[in-house]
Amino acid sequence: PPQHGKKGKKDKKSKGSKGGSGKPSGPVPIYKSEVIKKTLNPQWKEFQLDVALCGGFDNTLEITCYDYDDDATHDFIGKITTTLRELSMDGAQLPFINPEKKGNIGYRNSGVLHLVKKTPVSQQDPQPPLAYALNFSATKLDKKRHLRKI
């Protein structure tokens, strides 16, 4: 069974990766956040995301979120498939979707990722920026209370 933090709250971590270049190896990891313990509404530390590392503004990015467990049996909460352009839009709110729960009665998403702050990072102020410093939070991460399909 999953290990939960104090008071039934979960410990969250997220990972970002970019879509592969047509190779069967799958997404390439580009960032892994710190673990935020005992909350369903984590606020992650600001991090820098390089535009070139993401494959440009319109390459597919996948963000996955897990309920972190000390015994390494991390539970998959959901994923977001997006682009850097969409991810860095002011006010971005992107839902985490768990494909195994999609279609279950009452299921809309497994939580929402919110862009808190976006700061262009550049050496000579080129247009567009070479990187962004991004800060995200999430709300209402999955409590596993959704009914199964009928």
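Residues numbered from 1 in each chain as written. Predicted model: local features only at pLDDT ≥ 70, side-chain atom pairs only at ≥ 80, totals over all residues. Heavy atoms only, no water.

Novice: Sorry if this is basic, but what is going on with the overall build of the protein chain here?
Specialist: Secondary structure assignment for the protein chain yields one helix and eight strands. In the protein chain, the succession of α and β elements from N to C terminus is β-β-β-β-β-α-β-β-β. Out of the 150 residues belonging to the protein chain, those deemed buried represent 39%. Carbon together with sulfur atoms contributes 52% to the accessible area of the protein chain, which is approximately 9000 Å² in total. (Helix = DSSP H or I, 4+ residues; strand = E, 2+ residues; numbered from the N terminus. Buried < 20%, exposed > 50% of the residue type's maximum accessible area, 1.4 Å probe, protein only. Areas by Shrake-Rupley, 256 points an atom, 1.4 Å probe, with all protein chains shown as cover.)

Novice: Help me understand unusual backbone geometry in this model?
Specialist: Even without being a glycine, Lys 38 presents a positive backbone phi close to 60°. In this structure, Lys 38 sits in the loop between strand E2 (28–32) and strand E3 (47–50). Phi is positive for Ala 72, close to 70°, though the residue is something other than glycine. Of note, Ala 72 is situated in the loop between strand E4 (60–68) and strand E5 (75–83).

Novice: Before we go on, may I ask you to explain the pairing of E4 in this structure?
Specialist: Two faces belong to every sheet, and in a regular strand the side chains alternate between them. Relative to E5, E4 is paired through eight bridges, and the arrangement is antiparallel. Across the sheet, residue Asp 67 finds its bridge partner in E5, namely Asp 75. Where E4 folds back on E5, the antiparallel hairpin that results is connected by six residues, among which Ala 72 adopts a positive phi of roughly 70°. (Pairing = 2+ DSSP bridges.)

Novice: What should I look at first to understand the pattern of salt bridges in this one?
Specialist: For side chains of opposite charge, pairing can occur when their charged atoms come near one another. This model, assessed by the stated rule, comprises five salt bridges. Lys 37 is paired through a salt bridge with Asp 70; the nearest N and O atoms lie 3.9 Å apart. Taken as a pair, Lys 37 in the loop between E2 and E3 and Asp 70 in the loop between E4 and E5 lie far apart in primary sequence, 33 residues in all. Judged by relative accessible area, which is 45%, Lys 37 ranks as partly exposed. A relative accessible area of 65% places Asp 70 in the exposed class. One salt bridge in this structure joins Lys 117 and Glu 46, with 3.3 Å as the shortest N-O distance. Pair noted here: Lys 117 is in strand E7 (residues 112–121) and Glu 46 is in the loop between E2 and E3, with a separation of 71 residues, a long-range link. Judged by relative accessible area, Lys 117 falls into the partly exposed class, the value being 43%. (Salt bridge = Lys/Arg side-chain N within 4 Å of Asp/Glu carboxyl O.)

Novice: Where do I start with the pairing of E3 in this structure?
Specialist: Of the two faces of E3, only one is covered, namely that formed by Phe 47 and Leu 49; the face formed by Gln 48 and Asp 50 stays uncovered. Pairing analysis gives four bridges linking E3 to strand E8 (residues 131–139), with the strands arranged antiparallel. Along E8, the bridge assignment pairs Asp 50 with Ala 131.

Novice: Help me out: how do you make sense of the nonpolar core in this one?
Specialist: Grouped burial of nonpolar side chains is what soluble globular proteins tend to show. Grouped together as the largest cluster of nonpolar side chains are 25 residues, with contacts concentrated most on Leu 49, Leu 84, Leu 87, Phe 96, Leu 113, Leu 134 and Phe 136. A per-element tally of this core places E8 first, with four residues. Not counting chain neighbours up to four residues away, the residues in contact with Leu 134 comprise Lys 45, Glu 46, Phe 47, Leu 49, Leu 87, Ser 88, Leu 115, Lys 117 and Lys 118. (Core = buried A, V, L, I, M, F, W, Y, C linked by side-chain atoms within 4.5 Å. Contact = heavy atoms within 4.5 Å.)

Novice: Could you clarify how one ought to interpret the side chain of Ser 88 in this entry?
Specialist: Looking at the element boundaries, Ser 88 is found in the loop between helix H1 (84–87) and strand E6 (93–95). Judged by its relative accessible area of 4%, Ser 88 is buried. Sequence-distant contacts of Ser 88, defined by excluding residues within four places in its chain, comprise Leu 115, Lys 118, Tyr 132 and Leu 134.

Novice: Help me out: how do you make sense of the packing of aromatic side chains in this one?
Specialist: Centre-to-centre distance and the angle between the planes together describe a pair of aromatic rings. One pass over the full model with this rule turns up four aromatic pairs. An angle of 15° between the planes, with centres 4.0 Å apart, marks the rings of Tyr 31 and Phe 47 as stacked. With Tyr 31 in strand E2 and Phe 47 in strand E3, the pair connects residues that are 16 residues apart, well separated along the chain. Residue Tyr 31 is classed as partly exposed on the basis of its relative accessible area, which comes to 23%. Taking relative accessible area as the criterion, Phe 47 reaches 15% and is therefore assigned buried. Relative to Phe 76, the ring of Tyr 66 lies with its centre 5.7 Å away and its plane at 65°, an arrangement referred to as edge-to-face. Within this pair, whereas Tyr 66 is found in strand E4, its partner Phe 76 is found in strand E5, the two being separated by ten residues in sequence. Given the relative accessible area of 30%, Phe 76 is considered partly exposed. (Phe/Tyr/Trp six-rings, centres within 6.5 Å; stacked < 30°, edge-to-face > 60°.)

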